[in-house]
Amino acid sequence: MVVVGSASRDLAADDPRGWRLGGAAAYCSLAAARLGLRVGCVLGVDGEAADADELGLLRAAGVELRLVRLDHGPVFENLDWDGHRIQRWLSKSDEIPLAALPSAWIEARGRLLVPVAGEVGEEWARIPPSGARVGVGPQGILRKFADDGWVKRVDLWPSALLRTAGLVCVSLHDLTVGTELGSIRALAPEAAIALTAGDGGGVALRGDGLFRYRAVPTNRAVDPTGAGDVFLSALMAAWLATGEPATSRALRFAAAAGSCAVEGVGMAAVPTRLQVAQRLRASIRSV
């Protein structure tokens, strides 16, 4: 599977650098590799992110990295407001050029496009499909970098990335108030659509109906950062394994992966396949 997106630097007072590496592409790549997939990642990085220790976690898990040096990469300050995350931005992201994709990766069975700051442009939808299963995490096209320094929500728009997707996964917290499933379906007509709501579970829309799924209980929630990315990556892994996107079984598997991911800080908390399997068994026993 090929993952495309920028690494972000998230301000963190408890890190000696003053920031911690994040971003959907980094989390998704690490999760997919730890779940047993062969992963290549086209990762946009600014000068500081290019030397981040966290990249060693990706390489140790077997991720083949293609670092794309950016003059400007995304830098965020994540704040909690009444139980919800709000963000300030300190730097936007340059776009990752399509030419950064190695030609040998065009034939990959899976493709996961996960912008966090609009860095995966519309040209990425022009890759020959070659039978690939394409997943999209549209978080980065749902953000407006306002002049006052705040990251604000915007409505989904007719993006070519969504039109080519077979799987779309998005948090309800990233959507503007009043967004309806039908409007997402119109923009991603070929996709199975999963909407996540943290410990509230979520819903998935497939061609044959609407499915609700429950969250899998966590032992101790420490940091929710990256949990949605781990959920998406687990859904992609299940799709590649079974040939069907967002089945009820796949949603349960993804929910277990997300449950594990919140129990630590940063990318080190991304679970292995064994940890996810253990969490699934524990959740079944507790029912």
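Note that this is a predicted model, so its numbers are computed, not measured.

**Q** Any chance you could break down the packing of helix 1 (residues 24-34) against helix 5 (residues 227-242) for me, citing the residues and the numbers?
**A** Axis separation between helix 1 and helix 5 bottoms out at 8 Å; the angle between their running directions is 45°. What the angle tells us is that helix 1 and helix 5 run oblique. Regarding helix 1 and helix 5, the two cross each other, and that crossing is right-handed. Judged by residue contacts, Ala24, Tyr27, Cys28, Ala31 and Ala32 of helix 1 engage Asp229, Val230, Leu232 and Ser233 from helix 5. Of the residues contributing to the contact of helix 1 with helix 5, the split by class is seven nonpolar, one polar and one charged.

**Q** So what about the nonpolar core? Which residues, and what values?
**A** Counting 65 residues, the largest nonpolar core has Val3, Leu43 and Phe231 as its most contacted members. The element that contributes the greatest number of residues to this core is helix 5, accounting for eleven residues. One finds Ile141, Ala160, Ile193 and Val203 within the second-largest nonpolar core, a separate group that totals 34 residues.

**Q** Outline helix 6 (residues 248-261), listing residues and values.
**A** Helix length check: helix 6 (14 residues) gives 20 Å between terminal C-alpha atoms against 20 Å at 1.5 Å per residue, within 8%. Judged by how many residues are buried, helix 6 sits mostly within the fold: eleven of 14 residues are covered. Residues of helix 6 that are buried: Ala250, Leu251, Phe253, Ala254, Ala255, Ala256, Ala257, Gly258, Ser259, Cys260 and Ala261.

**Q** If you had to explain the environment of valine 120 to someone new, which residues and values would you point to?
**A** Tracing the backbone shows valine 120 in the loop between strand 8 (110-113) and strand 9 (133-136). Classification of valine 120 as buried rests on a relative accessible area of 3%. Between the C-alpha atoms of valine 120 and alanine 234, which are 114 residues apart in sequence, the distance is 21 Å. The residues contacting valine 120, other than those within four sequence positions of it, are Val4, Gly5, Leu113, Pro115 and Leu161.

**Q** So, helix 5: which residues are in play, and what are the values?
**A** Over its 16 residues, helix 5 runs 23 Å from end to end, which matches the ideal 22 Å to within 8%, given 1.5 Å per residue. With 13 of 16 residues buried, helix 5 is to be regarded as a mostly interior element. At the exit of helix 5 stands glycine 243, carrying a positive phi of roughly 85°.

**Q** With reference to specific residues and values, describe the side chain of threonine 196.
**A** For threonine 196, the location among the structural elements is in strand 13 (residues 192-196). For threonine 196, a relative accessible area of 10% gives the class buried. Ignoring anything within four residues of it in the chain, the contact list for threonine 196 reads Cys169, Val170, Ser171, Leu172, Gly201, Tyr213 and Phe231.

**Q** Describe the sheet that holds strand 12 (residues 167-171), listing the residues and the values that go with them.
**A** Here nine strands make up an open sheet; going across it, the order is 5-4-1-8-9-12-13-14-15 and the pairing mixed. A strand with exactly one partner marks an edge of an open sheet, and here the two such strands are strand 5 (64-69) and strand 15 (209-213). In this sheet, neighbouring strand axes are inclined to one another by 15° on average, regardless of whether the strands run parallel or antiparallel. Relative to strand 4 (residues 40-45), strand 1 (residues 2-6) runs parallel, the two being bridged by five bridges. Paired with glycine 5 across the strands is leucine 43, a residue of strand 4. Running at roughly 155° to strand 1, helix 1 makes contact with strand 1, strand 4 and strand 8 of the sheet.

**Q** Give me the lowdown on the pairing of strand 13, citing residues and values where you can.
**A** Counting buried positions over the five residues of strand 13 gives five, a clear majority of the element. Along strand 13, one buried face is formed by Ala192, Ala194 and Thr196 and the opposite face, lined by Ile193 and Leu195, is buried too. Where strand 12 and strand 13 come together, five bridges link them in parallel fashion. Its bridge partner lying in strand 13, leucine 167 is registered against alanine 192. A crossover links strand 12 with its parallel partner strand 13, the connecting element being helix 4 (residues 181-187), and its sense is right-handed.

**Q** Outline the pairing of strand 6 (residues 75-81), listing residues and values.
**A** Across two bridges, the pairing between strand 2 (residues 8-11) and strand 6 is parallel. Counterpart to arginine 9 in the pairing with strand 6 is valine 75. Where strand 6 lies against strand 7 (residues 84-91), seven bridges are found, and the strand directions are antiparallel. In the sheet register, phenylalanine 76 faces strand 7, and the bridge partner there is tryptophan 89.

Calculation criteria
- Residue numbers here run from 1 along each chain, matching the order of that chain's written sequence.
- The predicted origin of the model limits local features to residues at a pLDDT of at least 70 and limits the giving and counting of side-chain atom pairs to 80 or more, whereas totals for whole chains, interfaces and linings rest on all residues.
- Side-chain descriptors were evaluated using all non-hydrogen atoms of the structure, hydrogens and water having been removed beforehand.
- Only the contacting stretch of a helix is used when fitting its axis, a line to C-alpha atoms as for every element, and angles between N-to-C directions run 0 to 180 degrees.
- A run of H or I in DSSP counts as a helix once it spans at least four residues, and a run of E counts as a strand once it spans at least two, with each numbered from the N terminus.
- Convention used here: angles under 35 degrees read as roughly parallel, angles over 145 as roughly antiparallel, angles from 65 to 115 as roughly perpendicular, and any remaining angle as oblique.
- Crossings are sorted by hand: turned counterclockwise from the far helix by less than a right angle, the near helix makes the crossing left-handed, and turned clockwise it makes it right-handed.
- The contact definition used throughout considers only heavy atoms, calling two residues in contact when any of these lie within 4.5 Å.
- Throughout this entry, Asp, Glu, Lys and Arg are counted as charged residues, while Ala, Val, Leu, Ile, Met, Phe, Trp, Tyr, Cys and Pro are counted as nonpolar. The remaining residues, Gly among them, count as polar.
- For the purposes of this section, nonpolar cores are sets of buried Ala, Val, Leu, Ile, Met, Phe, Trp, Tyr and Cys residues that join through side-chain atoms within 4.5 Å.
- Burial here depends on accessible area, computed with a 1.4 Å probe over protein chains only, as a share of the maximum for the residue type. Under 20% is buried, over 50% is exposed, and the range in between is partly exposed.
- Expected helix span is taken as 1.5 Å per residue step, with the number of steps being one fewer than the number of residues.
- If DSSP finds at least two bridges between two strands, the strands pair.
- The handedness rule is simple: strands pointing away from the viewer, and a clockwise path from the first strand over the helix to the second, make the crossover right-handed.

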